[in-house]
Amino acid sequence: MFVKGKLALVLALCMCEAVFAKKSIAPREILLHTKVDLQRSDGQVNLRETRHLGTEVIPENYIVRVQRYGTPTIFQDLKKLAAGGFVRYVPHDSYLIALFGGQINTVLSIPGVEGVYDVPSESKIGPRRPESNHTHGRPESAWNPSSHANPARGGGPRFVTELPPNHGNHGHGNRRTETRVTIDCLVAITEITAPGFETVLPEWIIALQHETVGGANTQVDWPSWEKLVVDTDASSEEAVMAWLSNRPLVFWMEKRPMFDFKNGYATKAIQSTDGLSNSIWEKGLTGENEIIGCADTGLDHDGCHFNDAGQSVAVCEGLGFVPGCTNMNHRKVVSYRYFAGRSDAKDVRWGHGTHVAGSIAGNAGWPQPGQVNYNGAAPDAKIAFDDISPDGAYLWPTNDLNTQLLPHSYAIGARLHSNSWGSDTSEYTSTSKEIDQFIYEHDDFLVLVAAGNDGENGLGTVGSPATAKNILAVGAGQNTKESYGSDSADMGMDNLVDFSSRGPTSDGRFKPDVVCPGDSIFSAWSDGEENSVDQCYIGGMSGTSMATPLCAGSAALVRQYFKEGFYANGDKDLSQAFEPSAALVKAMMIHSGQKMWYRTVNGDWRWPDALPIIELGYGRVDLSKVLWFGAESDFQLRVLDRERINPGPEQVREFEFVVADSSPELKVTLVWTDPPGMPDATISLIHNLDLTITHPSGATWTGNGFVDDRNNNEQVTIVNPLSGRYTVKVAAFELPQGAQDFTLVVTGALSSAEEPPAPTNPPTTAPETTAAPTTAAPTSSSTTAAPTTSSSTAEAPTTSSSTTEAPTTTSSAADPTTSSPATTEAAAPTSSTPTPTSTAAEETTAEATTSEPEAPTTSAELPTTSAAETTSAPTSTAGEEPGTTTAEETTAAPETPTTTPAQTPECSESWTEIEDSPFSGSQTPFSVSLPPGTTRVEFTSDAANTRPGFLAMYGPDSEPVESSCATTGTLREVFGAISDGAGDYGNDEYCRWVIAPEGTTAVTLVFESFDLENWYDFLYVYKCKTEACLQSDRVSLGDFTGSELPDMIQSDAEYPYMLLEFESDYSITRAGFRAVYAASAFSECASDGALLSAAAGFIRESAGTYSNSQQCTWNIEVGSSGLRLTFLDFDTESNKDFVSVKTSQSLCEDNAPTTTAVDPRETTAGDPPETTSAQDPPEPTTPAPPAPSTTPAPVDDECTDFAAISGSPFSGRSRPQIVTATSIRVDFASDWSEVRPGFLAMYRPVGAQAPSFTCGQTGRLTGGWGEISDGPANYENDQECEWIIGSSGGSGVTLNFETFALETGWDNLYIDTCDDEACSSPQPVDGSPFTGSAVPSFRFFETDFLRIKLVTDESIVDAGFKLSYTAGPITDCEPNAVLSAEAGFIRERAGDYYNGMQCSWEIRGPSGLQTQLTFLEFWTERGWDLVDIEACASGARRSSAGVSRDEAARAREDKVRQDRLQHPKPTTSGKQGQSPSKPKKLQVRPAVSSAGADKVVDAEKEQRAARVRKNALQMSAGLR
C-alpha cells in the first residue's frame, strides 16, 4: 500500500573544508552537515567540546571525531570503552558513542581520535513532517475486471464486476485524523545496559505524561533495546520532543510518517525478453520449497489460489517469533499472524493483501482454462503472512520491524519478505534502519519494498522504508502488450508507469533498484468472507504494490536456482546446491535489469543511455538475462558470494575474466549488505566499496559510471566488449566497522574453459572465498568464483561428476548470438569515455597482483587475519623427485617415534593429472573425487612473493555425517561435521560431542563458520585421554566465543580424543558454528612425499604463510570406495605458485622408517579409565559394586580425612563424574551475580544386593533402592501387579528401565504420581501407559509416592520388563547438612538458585557399604558458581557433630575464581547484576498470592524434571 528529516553528525571544520580532510587538532566549533541543521541555523551549529571529566551514573552520547580512516582497530577500541558497547559510525570520520564521563580522557588517548564532543539537543530532532493531502500522483487503482473479461474463457475464474468504494484513493480516505502523533525515539541502549535503563524508564513515563509535556493520554512502548515509541496528542508533539531531546541517552527522534498502500500476463514480462513465455517456469523453477513472508491488509485464504481442503491455516497473535504458529503441510499458507487491537486476521472485500499475496505465490487449487495466467510469480512457493491492518485502510506494521515484524517469518523458514506499503518521505528513517539491521544480522534474508506511487510529482518521491540500503526497492512498469488486448498500441513492458515513484533518496542514492510490472495486474481477489466455498475471484489493480510481490516471487525463483544446483551446469543437480546470500539474490535481480522508456519531468519519453538512473534504478527485471541454462543461454554466468575484504586504504580484491567474443555485453554487478546507517544522516552508507574494471588496452570502467560513495550496489556494463582478459577490482575505500562481505555477478561471452562452480554453503557471518575449476595449462591457470561461505568447501559437491562431468561450453557459447538491445550503443573499451578509476583502485599494490592465464581467473587474496584462514597451494611440477621426510610426516597420527632416517615411498611414475590441475591464485578449486589407487598432491612456490597458502581435507567420497545439538553423544565416524544446527541456535542450549573413532590416535578439527554471542555463548574444546572425557583426564584446547574463526585444532597421541561443549546463555543468539573433523593428524609439507593412509585427514604446506622456493608432496592412499579431496582454503601467488593433483591406479610402497611408537594410554599407571563420561552418567547399578568393607564403621561417625576428587571444583554444564566412597561431601557456593538452574544429584549405596520385587511381591516397597520386574519369565495373561514407591514429606524417585516388551496396545504399564500411599488421586506421568517394545527413558519424578501398575489382557504375552529405582528425600541447601538416609537426592533449591548461596552436604553411607553419587542435572555459572566434591580418603571415622568446609576446598575455589578473573565479568561493557529482561511494554504487575507462588514453584519443579528427562535421554544408552 503506498502514500509521503537528519541525525546527521557528519563533522567538518568549515564550509569550504572537505569531509576527507585530516586535522590533528580537534575543533571547538564544528558543522553538522544535515538538512535539519541547515534549516535551523543556516549551516552553523555549535558543538561544544566536552569538558566532562567526572563520572555519571547514566552514560551520555558523544561524538568522537577521528582522522580519516583512523587506525584499523579504532572501531573495536571505541566499542570496548562504550557503555554496553554502543558505537555507531556517522559518515564521515565520526562515531556516535555512549560513554560515562570518566572514560572521555581514555577515548582521547586512542590513536587517531581528534576530539570528543557533546551532542546538541537540537540535532536530535528530525524535520517536521506535515501530513500531505495530495493523492500521490496516480494512486493504486482497481480496474473494472468486467471490461477485461474474455467470454472465451467460459468456466474460467470468475471476475468481480464492481469496484470497491473509494478504491481510487485506497488508504487515504481512511487515514487517521491528525489528532495523535507517533514519535520514534532512538536511545543508546544495548542488551547490556538495558537493566539500568529499565529502572529509569518509569520516571520517563511519569514525566512524559505530565500535563506540561505530553499529558495523561501519552503512551510509551519499548519495543527493542534501541527504540522508544511515544504516542501522544498532536498538540503535545513539540513539548514531548523537546523533553526527549534533553535526555542524555536519546540520539534521534522523528515523527513517524503515515504508512499506506503503495497476474495476468505479468509473470511473462519478468521471465522473457519478448514477454510471450514463462521460460523460467518451464525449467522447473516455480518457487518450490521457498517460503516468502508478506505483511499487508489481510489474506482471504479460502480462495482457490490459497485454500487447502485437507489442512487448516495456523493462525496466531503476537509480536516477534510466535512458536507453534506454523503448519508446513498447508499447500500455500504456512502461518498467519495478526496483532491484537491492530489487525483482525482477515481481509476486506477487494482487499489489497489478498491481491498482493496472489501475485507472490497464488496458485489456483483446481485447473481451469486460462488460470495459469493469474498465478503468482512463484506458484509453488508458500507464504508466511502478517496481517497489519484492522480495516483494509489503516496500517500498523509494528513499532519495530527488526524485533517485532521480521523475526517470525525468518524463524519459520522465509528468506524473502514482500512489503507493498510505505510512506511519503524519501529520508533514511528509523524504519529504514530497522530493516537494514535485520538483513545485516541475517545475511540470507532479503526484504522487498514498494517504491511508491508518487512519480507524477517528480523526482525524490520514493518513500521510506524503500529508502533502506539492503532491501530491493521496486518500481512499477507496464504489463505485456498481450495483457492490454486491443488497447496495447502504446503500451508494453518496456515502459515505466508514470505513477512509479522516482529517486533519488534524500542522501542521493538510486531507488528504486529495479522495476517489475505494476500496471493492470490481475491476481487473486478477496470476497471479504472468511468461509467461502468454491471462491475463485480475479481482480485487477495497479501500483508499485502490485510490482513488489511479482519481484518477490521472481526472487524466489533465483533462490531456487542456486538451492537446486542449476548454477553448476544449467540443469537441476542437488549435489551442487548451495544457499545464496541476500546480497547474491539482490545482485541477480539487479543484474537482470533492462532499459525502459520513461517520461521525464518535462513530459518527454526517453530511452536511457546507460543504467542505473534515478528514475528506474537498474531497470526492468528479466530473469532470462541472468539465469544461465547451459548451451540454451547466449551468455555465461559467474558469481562470487560472501567474498570478504578487510579494511584499509589499499585493500583490493582482484578477479579476472576472459571475454571470448564482443557479443553479448559484459556486465558486472557488485552488491554488499551494509551495516545499518544513522537515521536521516547526510550519508547513510557506512562501508564504501568501489568497483572498477580494466582491460589490457588500458581502458577503465567505474561502477555506476562515477566514483560512488552513496550506494551499496555498483554495476558496469560494456556493450560490444573487446575480447581479452578483464580485471575486476573491488577496493575497500572505507570500512570503519571492520571487514565487509560482498557479492559479484558477471555475465558475458566468458571463456568456455570456465564452467560455473557450485559449492554448497549454509548462510554464515564469517564467509570465505571459493572458486570454480581452473584450466589445465600450468602456465595459464584460471579460476571462476562461486558463491560460498566459510563452510562451502566442506560441503562441496560429493558426486564424482561434480568436476569431471561438468559440460564444456559448445561452439555456440564461443560464438553466441547477439541479444543486446538494439538501441544500446557499442562502447569500445579503448574509447575516451571510460570514467577514471577511483583513488583506492589506483593505490593498489603488489598485494593485488594481476595474473595472465588464458581463461578468466581470480588473483585476489583472501583475508589472512587468523591462522585458520592462512594456507598455501600445491605445485605443478609433476616430474620432481621427492626429497626426504620426517617420521611425523609419514603417519597420520603424530606418535612418538624413534629417529630412523626417512625414505621416499616408492610410487608409480604413471600419473594422470586431474582436470583443471594445476591450481593457482586465490579461488578455491572444486572438490575432487579420487579414484582407487594413489593421489599425489604437489605444491611448488617460486623465489619471490608468498601467500597464505592452502588447507585441504581428504575423506570418504560422501557428505560428512553431521552431528548437531539434536544428535549429541559419542561420534565414531572417522570423518564428520559438527554444528549447532540449522539456523540460529537457541537460548540456554547445552550440547556435547566426543569425537572418538575406534583406534584413533589424533583428531583434527577445522572450523568453517563461527558466530557466537561474544563473551556469553561459548564453545569449549578439550583433548581427552579416554572416551569418557572426564574432567580429570582432559586438557583444554580453547574457549571460543565471538565471530572470529578459530584456528585448526588437533589432539595428540597422549590425548587422542576430542570433546566439544557448546553453551548459550538466556538471551541473544547468533548464526552458530560448523566444523569438520578427521580422525588423524594433519600433514604439513613433506618434500620427499608423505604417504597418507588414514581414512581421512588434512594437508597444508605450513601453519602460516608459506616460504619461497618451497616444494611439498603428499601421496594419499585411496581404497576401493574412493575418497574426496576438498580445499577448505586456497590463496597462492597467481600464475607463479601452483598446486597440482594427480592420480595413479597403483599404490605407493611405504619405505618410511621403522618407528617404535608408544601409546601413552598403554603406559598410564593407575586404575583403568572410567567407562562413562561426565555428560552421560549411568544409573548407579551399572558399575560393578566394590566388595563390602570388612570393618564397617558406625553410620553416625564422620570421616576424618576428605580429599577433593579429580577436577573439583566443578562449574558450567558438564556434569561431574560418578563418585563412590564411604562418605562424600558436596559444597556449593554462588557468587554475587548471574544464576542458573543449578544441579540435582542422587546418592545410593553400592556393594550389596539390591532388593528385587516381582508380581508376587507387590504393595508398598520399603527401602530406598531396588529392582522391579514382572518376573523371571514371560508375564502371564490377565495379570495385574501394583507397586508403590516413596514416602511422605517430599521425595524423589528415579526409574531406569533395563528391558521392556509388552504386547502393543493390549498389555500396559501405568506409572502415576500420588499424594498419598493409597494413591487415591493418581496423576499419569508423561507417556503413561507404556506399551510395545520401546524401552522408556530414564525418568526422575519429584513426588511423595509413585505407583507402578502392570495390567495384561487375556491373550498373548511377551518378555515383560525390568527396572531399577532409587527413592529418597530431597535435601535442599543447608549450611551443614548430614545425610544418613539409605538413598536420596541433593540440590541447591527448586528452580534457579540464588546469588550468595552457601550450601554443604555430607553423605554418610550405610555401615559396611559405600555410597555412590550421580549428578542427574548440572548447570552453574561457569567459573563463578562452584560445586566442590570431596570423598573420604581415610578408612577411619571420628565422632563429631559436624565440621565446616576445610581450607583446601576454599583454596581450590579461590584458585578457580582467580583464574576466571583473567577474563572478568564485564561491568559497563558486559552483563551485570541479575539477568536483564527483554524490552517490553511497561505494565503494573499484580501481587502474587501464596497460591500463585506455589504454582510458580510447581512450574519450576516441572522445568527441572523436564531437564532431567532431557539429560537422561543422553545417558540412557549407558544405563541399558
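Residues numbered from 1 in each chain as written. Predicted model: local features only at pLDDT ≥ 70, side-chain atom pairs only at ≥ 80, totals over all residues. Heavy atoms only, no water.

K.L.:
Which residues make up the side chain of Arg1034, and what are the values?
P.N.:
Looking at where Arg1034 falls in the secondary structure, it is placed in strand E47 (residues 1034-1040). One buried charge, Arg1034, has no salt-bridge partner; the nearest side chain with opposite charge is Glu1061, at 4.2 Å. A distance of 3.0 Å separates a polar atom in the side chain of Arg1034 from the backbone oxygen of Cys1029. In this structure, Arg1034 is in contact with Arg992, Tyr1022, Lys1023, Cys1024, Cys1029, Tyr1055, Leu1059, Glu1061 and Ser1214, ignoring residues within four places of it in sequence. (Helix = DSSP H or I, 4+ residues; strand = E, 2+ residues; numbered from the N terminus. Buried < 20%, exposed > 50% of the residue type's maximum accessible area, 1.4 Å probe, protein only. Lys, Arg positive; Asp, Glu negative; His and termini not counted. Salt bridge = Lys/Arg side-chain N within 4 Å of Asp/Glu carboxyl O. Polar contact = N/O pair within 3.5 Å; in protein donor to acceptor, adjacent residues only side chain to side chain. Contact = heavy atoms within 4.5 Å.)

K.L.:
Talk me through the sheet that holds strand E41 (residues 961-963); I want residue IDs and the actual numbers.
P.N.:
As summarised here, the arrangement of the five strands in space is E41-E43-E50-E45-E48, forming an open sheet in which the pairing is mixed. At either end of the open sheet lies a strand with only one pairing partner, and these are E41 and strand E48 (1049-1050). Two strands pair when backbone bridges link them, and strand E43 (residues 975-979) and strand E50 (residues 1072-1078) are joined in this way by five bridges, in the antiparallel orientation. In the strand pairing of E50, Phe975 is matched with Ala1078. (Pairing = 2+ DSSP bridges.)

K.L.:
Which residues make up the pairing of strand E34 (residues 740-748), and what are the values?
P.N.:
With nine of nine residues buried, E34 is to be regarded as a mostly interior element. Side-chain alternation along E34 places Gln740, Phe742, Leu744, Val746 and Gly748 on one buried face and Asp741, Thr743, Val745 and Thr747 on a second face that is also buried. The sheet contact formed by strand E27 (residues 636-645) and E34 spans eight bridges and is antiparallel. In the sheet register, Arg638 faces E34, and the bridge partner there is Val746.

K.L.:
Explain the packing of helix H11 (residues 544-563) against helix H13 (residues 582-591) to me, using residue names and the numbers behind them.
P.N.:
Taken N-terminus to C-terminus, the directions of H11 and H13 make an angle of 115°; their axes are 10 Å apart at the nearest point. Note that H11 runs across H13; the crossing there is right-handed. Contacts from Cys551, Ser554, Ala555, Val558, Arg559 and Phe562 of H11 reach H13 at Leu584, Val585, Met588 and Met589. (Axes fitted to C-alpha atoms, helices over the stretch in contact; angles between N-to-C directions. Left-handed = near helix turned anticlockwise from the far one by under 90°.)

K.L.:
Describe helix H2 (residues 74-81), naming the residues involved and giving the relevant values.
P.N.:
All of the buried residues in H2 are Ile74, Phe75, Leu78 and Leu81. When H2 is viewed along its axis, its buried side chains cluster within an angular range of 130° and face the same direction. The inward-facing, buried residues of H2 abut strand E3 (60-66), strand E4 (87-90), strand E5 (94-99), helix H3 (104-108) and strand E6 (113-118). (Arc of directions from axis to C-beta.)

K.L.:
An account of the state of the cysteines is needed here, citing residue identities and associated values.
P.N.:
As enumerated under the stated definition, the model contains ten disulfides in all. At a sulfur-sulfur separation of 2.0 Å, the disulfide partner of Cys516 is Cys551. Taking the sign of the S-S torsion, about 85° here, the bridge from Cys516 to Cys551 comes out right-handed. Residue Cys516 is located in strand E22 (residues 514-517), and its partner Cys551 is located in helix H11; the two are separated by 35 residues in the primary sequence. Two residues share a disulfide in this structure: Cys1314 and Cys1319, whose sulfurs sit 1.8 Å from each other. Of note, the bridge from Cys1314 to Cys1319 carries an S-S torsion of about -50° and is left-handed in sense. (Disulfide = S-S within 2.5 Å.)

K.L.:
Describe in detail the environment of Asn453, supporting the description with residues and values.
P.N.:
Relative to the elements of secondary structure, Asn453 occurs in the loop between strand E20 (446-450) and strand E21 (472-477). The exposure class of Asn453 is buried, given its relative accessible area of 0%. Distance from Asn453 to Ser542, taken between C-alpha atoms, is 9.6 Å for residues 89 residues apart in sequence. Engagement of the side chain of Asn453 in a polar contact is seen with the backbone nitrogen of Thr544, the distance being 3.0 Å.

K.L.:
An account of the sheet that holds E47 is needed here, citing residue identities and associated values.
P.N.:
Ordered by their spatial adjacency, five strands build an open sheet running E42-E44-E49-E46-E47, and the pairing between neighbours is mixed. Pairing within the sheet leaves two strands with one partner each, and these edge strands are strand E42 (969-971) and E47. When the angles between neighbouring strand axes are averaged without regard to direction, this sheet yields 20°. Here three bridges tie E42 to strand E44 (residues 990-995), and the two strands are oriented parallel to one another. Paired with Thr970 across the two strands is Val994, which belongs to E44.

K.L.:
Explain the pattern of salt bridges to me, using residue names and the numbers behind them.
P.N.:
Opposite charge on two side chains lets them pair, provided their charged atoms get close. Across all of its chains, the model carries 47 salt bridges by this definition. Put simply, Lys433 and Glu226 hold a salt bridge, and the shortest N to O gap is 3.0 Å. Owing to a relative accessible area of 6%, Lys433 belongs among the buried residues under this scheme. With its nearest N and O atoms 3.0 Å apart, the salt bridge here joins Asp507 to Arg509.

K.L.:
So what about the side chain of Asn375? Which residues, and what values?
P.N.:
Note that Asn375 resides in the loop between helix H7 (352-361) and strand E17 (382-387). Engagement of the side chain of Asn375 in a polar contact is seen with the side chain of Asn363, the distance being 3.3 Å. Polar contacts involving the side chain of Asn375 include one to the main-chain amide nitrogen of Ala364, which spans 3.1 Å.

K.L.:
Any details on the nonpolar core? Residues and values, ideally.
P.N.:
Nonpolar side chains in soluble globular proteins tend to end up buried together. Among the nonpolar cores identified, the biggest contains 94 residues, and Ile471, Tyr561, Phe562, Met588, Leu627 and Leu637 are the most heavily contacted of them. In terms of residue count, the dominant contributor to this core is H11 (eleven residues). Counting residues in each nonpolar core, the second largest holds 27 residues, with Phe657, Ala699, Ala732 and Leu744 among its members. (Core = buried A, V, L, I, M, F, W, Y, C linked by side-chain atoms within 4.5 Å.)

K.L.:
Break down the packing of aromatic side chains for me, citing the residues and quoting the values.
P.N.:
Taken as a whole, this structure holds 49 aromatic pairs when the rule is applied. Ring centres of Phe655 and Phe742 lie 6.2 Å apart, and the angle between their planes is 70°; on these two criteria the pair is classed as edge-to-face. Of this pair, Phe655 sits in strand E28 (residues 652-659) while Phe742 is found in strand E34, placing the two residues 87 residues apart along the sequence. Their ring planes at 35° and their centres at 6.5 Å tell us that Phe950 and Phe1130 sit as a pair that is tilted. Note that Phe950 is positioned in strand E40 (residues 949-956) and Phe1130 in strand E54 (residues 1123-1131), a separation of 180 residues in sequence. Each of the two residues, Phe950 as well as Phe1130, counts as buried. Feature note: the residues Phe919, Phe939, Phe950, Tyr1106, Trp1114, Phe1127 and Phe1130 constitute an aromatic cluster, connected by ring pairs. Just above the ring of Phe629 sits the side chain of Lys283; from NZ or CZ to the centre is 5.3 Å. (Phe/Tyr/Trp six-rings, centres within 6.5 Å; stacked < 30°, edge-to-face > 60°. Lys NZ or Arg CZ within 6 Å of the ring centre and 35° of its normal.)

K.L.:
Describe in detail the pairing of strand E24 (residues 537-542), supporting the description with residues and values.
P.N.:
Burial analysis of E24 places five of its six residues in the buried class, which makes it a mostly covered element. Of the pairings in the sheet, the one linking strand E23 (residues 521-524) to E24 comprises four bridges and is antiparallel in character. Its bridge partner lying in E24, Ile521 is registered against Met541.

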